[in-house]
Each structure stands twice: as C-alpha cells, then as structure tokens.
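Structural overview for review
Residues per chain are reported as follows:
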Amino acid sequence: MRIALEPSWLILNFREPQQTLSWAVQGGGFQTAQNVVWHQIKNQDLPQDRDPHLFLLEKLKAKGLSPAIAMLTSAELSRYQDVSKELEGLAVRSIGTVGMTNALRVGDTASLNAAGTINLLCAVSRPLSQPALVEALSIAV
C-alpha cells in the first residue's frame, strides 16, 4: 500500500481493491475499495446544518478521489501513526489519526460544536470472511 500526505488529505492506496468493513462517513458498511482517505476539517468547515456525507462527497469529487472509503478528522494529519507487525506469516498494519477536541466519556452529553475523532485503518495480509471482518473490527475498536 502507498500513503500520500497532502494539505488536508491523507490518502492510502492499495495495489488492488480490498474487501472492507467500516462505519466511515463515506463508504461505510461492507465495501470493496482501493482507496481510503482522511480529510482534515476545522469546526467552521462543518456547521450543524451541513450534511457531513454530502460535504465529504463534494470534497472527494473535487479532489478526484471518488470512490473511496473516506473519514473526516480534525487531527493534524502529519502526525498519523503507522504500525506494522508480522506473526506466523500474517502481517497486520494499522494507520491512525487522533483528534481529541471533543473528548468525551461514555455517558457524557454529546456535543455537535467540536470536530474530533479517532480514525483507524487496520489491514491484514490475508482475505477475511465477513464474520472474521466483523470480529477484527470489534477487536480493533
């Protein structure tokens, strides 16, 4: 996989399309995708009356990145983390960003006035069945 860091974009490109499972703003659910992208935003970019999905679709189309699995973040993209491990012939790679401007705990009242996320991509070197993808996603989060 190849990673490109551009102003307000972190773009990950797989050599070939991959089966994915996510709850990303764009491309959530079970999908097949070759690109996974993070788009950095500021609070003012996404007021309460703006649909995040439509906003992101517009940005992806303008950038020529549609279709893609895409996430929004307030995190500084240049600080992304990339970790790889291999064990018994299975390679796992995780790429993540953390934006904590809306840090809440379970049970806290939700707030719509601050963007902040933890976005994590986990890739494994072997295809997984759909039940295995669900298990892998639940373990990762």
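The model shown is predicted, which means the values in this text are computed figures rather than measured ones.

Nonpolar side chains in soluble globular proteins tend to be buried together. Judged by nonpolar contacts, the single largest core of 13 residues is most densely connected at Leu 12, Phe 14, Val 36, Trp 38, Ile 95 and Leu 121. Sequence-distant contacts of Trp 38, that is, excluding residues within four places in its chain, are made with Ser 8, Trp 9, Leu 10, Leu 12, Met 71, Thr 73, Leu 77, Ile 95, Thr 97, Asn 119 and Leu 121. In terms of nonpolar packing, the next biggest core, distinct from the first, is built from twelve residues, Val 37, Leu 46, Ala 68 and Leu 72 among them.

What follows is about the sheet that holds strand 3 (residues 29-40). Spatially, four strands are ordered 1-2-3-4 in an open sheet, and the strand pairing comes out mixed. A single partner strand is all that each edge strand has here, and the edge strands are strand 1 (2-6) and strand 4 (69-73). In this sheet, neighbouring strand axes are inclined to one another by 30° on average, regardless of whether the strands run parallel or antiparallel. Judged from the five bridges that link them, strand 3 and strand 4 form a sheet pairing that is parallel. Residue Val 37 lies in a different strand from strand 4, and its bridge partner there is Ala 70. Those strands touched by helix 1 (residues 52-63) are strand 1, strand 2 (9-22), strand 3 and strand 4, and its axis lies near 115° from that of strand 4.

Pairing between the strands of a sheet is mediated by backbone hydrogen bonds and can be parallel or antiparallel. In space, the three strands of this open sheet follow the order 5-6-7, with antiparallel pairing throughout. Because the sheet does not close on itself, it has two edges, and the strands there are strand 5 (81-87) and strand 7 (118-124). The average angle at which neighbouring strand axes cross in this sheet is 15°, direction not considered. For strand 6 (residues 90-98) and strand 7, the ladder comprises seven bridges, and the chain directions are antiparallel. Looking across to strand 7, one finds that Ile 95 is bridged to Leu 121.

Reading guide: rules and limits
- Residues numbered from 1 in each chain as written.
- Predicted model: local features only at pLDDT ≥ 70, side-chain atom pairs only at ≥ 80, totals over all residues.
- Heavy atoms only, no water.
- Core = buried A, V, L, I, M, F, W, Y, C linked by side-chain atoms within 4.5 Å.
- Buried < 20%, exposed > 50% of the residue type's maximum accessible area, 1.4 Å probe, protein only.
- Contact = heavy atoms within 4.5 Å.
- Pairing = 2+ DSSP bridges.
- Helix = DSSP H or I, 4+ residues; strand = E, 2+ residues; numbered from the N terminus.
- Axes fitted to C-alpha atoms, helices over the stretch in contact; angles between N-to-C directions.

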